[in-house]
Amino acid sequence: MMWRVGTVVALQDETATARTITLKVPDWPGHIAGQHVDVRLTASDGYSAVRSYSIASAPNAEKRVELTVERLPNGEVSPYLTQEIAVSDCLELRGPIGGWFVWRAKQTEPIQLVAGGSGIVPLMAMIRSRALAGSTAPFRLLYSVREPQAVFYREELQALSDHDRSMNLTYAYTRVAPKDWPRPPSRIDAALIANTTWPSKLVPTCYVCGPTSFVESASRLLTSSGNDPEKIRTERFGPTGERQ
Amino acid sequence: MNPNIDDYLDGNAAAGELSNIFAMDVTAAEGQCAHCGAIKRFAEAHVYMQGPGLVARCSVCQHALLRFVSARQRVFLDLRGLTCLILDTSQLVESGR
């Protein structure tokens, strides 16, 4: 697959450490919600680094691609993408990549999304794609996040779930919860899965994205609550892929 | 072998590199492990990217399915851990190719 060039047309901070980069890619062939791209940065001495980032935007006709990138303290690429890049800069992209961890608007079955931290990004593309397509597929999102300030897309998620009864949203805070939050800060567990995700008898398709350890534990919990492993699609990121 | 749980990613992470070789998406492809016989989507394979190349391992038995190294304008692809790779051609229609 060839490398394409995208031009930065907008930048928006999502949290203190994460930023959304909007690129205009003239020869973009279109994408499906859930896909990712590889980004290549090349230094003046020829050294290059490639990292994968999920696409946050829904498929659109404007050939715009949004990536939300979380800065890693010792990252090689993410500090540049979150701090230094400016509007009208160019980036090399390879993609769209992936045909398994995707949601298509023709899917009508219940959908269970489970995000760990910045694993929300490809799931947000699915939520946006659903809204844009006018789909009525029932969606539930369980979003596990360290603290309230680390939530991506909070207002948009709230607005989407306020206006649509078949889009349900649950936050699970792992370190710090808002005041009077019913559940003390902790990782997702069997009780939370049982109370907030689709009953397995409805046979939802589940999409789980986050760091490897999160994905392993969330998919294990979904399986033990009766979901068929074949219906659980996963995408993992970690320090080696710098996908955070 | 006792890999640390956070040391691996999955087949999705290998798809960009493999797109240089395969004309079709490999993440949705089903592969059969030559060691245990399990048939799984390539997206589910455990992928290790710390070395000079990448290694995809069976998510059931951890045996290597695929090794990929790109060096000096050459790509070395070792597929002996896969008995069969079944690619979905419907995506060619979808993308208009």
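This section reports on the structure supplied with the text. (Residues numbered from 1 in each chain as written. Chains lettered and ligands numbered in written order. Predicted model: local features only at pLDDT ≥ 70, side-chain atom pairs only at ≥ 80, totals over all residues. Heavy atoms only, no water.)

For the rest of this paragraph, the subject is the overall build of chain B. Helix and strand counts for chain B come out as two helices and eight strands. By the burial criterion, 41% of the 97 residues in chain B qualify as buried. Counting contacts in chain B only where the partners sit at least 6 residues apart, residues at least 24 apart contribute 48% of the total. Total accessible area computed for chain B in this model is approximately 5200 Å², and 51% of it derives from carbon and sulfur atoms. (Helix = DSSP H or I, 4+ residues; strand = E, 2+ residues; numbered from the N terminus. Buried < 20%, exposed > 50% of the residue type's maximum accessible area, 1.4 Å probe, protein only. Contact = heavy atoms within 4.5 Å. Areas by Shrake-Rupley, 256 points an atom, 1.4 Å probe, with all protein chains shown as cover.)

Our next topic: a nonpolar patch on the surface. Residue and element names in this part refer to chain B. Together, Ile21, Val75, Leu77 and Leu79 line one region of the surface with nonpolar side chains, adding up to about 280 Å² of accessible area. Examined against the element boundaries, Leu79 turns out to sit in the loop between strand E7 (74–78) and strand E8 (82–86). Relative accessible area serves as the criterion here: at 33%, Leu79 is assigned to the partly exposed category. (Patch = residues over 30% accessible without salt bridge, like charges linked within 9 Å, V, L, I, M, F, W, Y side chains within 5 Å. Salt bridge = Lys/Arg side-chain N within 4 Å of Asp/Glu carboxyl O.)

This part is about the packing of aromatic side chains. The geometry of two aromatic rings is summed up by the distance between their centres and the angle between their planes. All names here are of chain A. Taken as a whole, this structure holds seven aromatic pairs over all chains when the rule is applied. Relative to Tyr173, the ring of Tyr171 has its centre 5.9 Å away and its plane inclined at 20°; by these criteria the two rings are stacked. You'll find Tyr171 and Tyr173 in the same group, each marked buried. With a centroid separation of 5.1 Å and 80° between ring planes, the pair formed by Tyr173 and Trp181 is classed as edge-to-face. Trp181 gets classed as partly exposed once you look at its relative accessible area, which sits at 31%. (Phe/Tyr/Trp six-rings, centres within 6.5 Å; stacked < 30°, edge-to-face > 60°.)

Coordinates in, geometry out; function isn't part of it.
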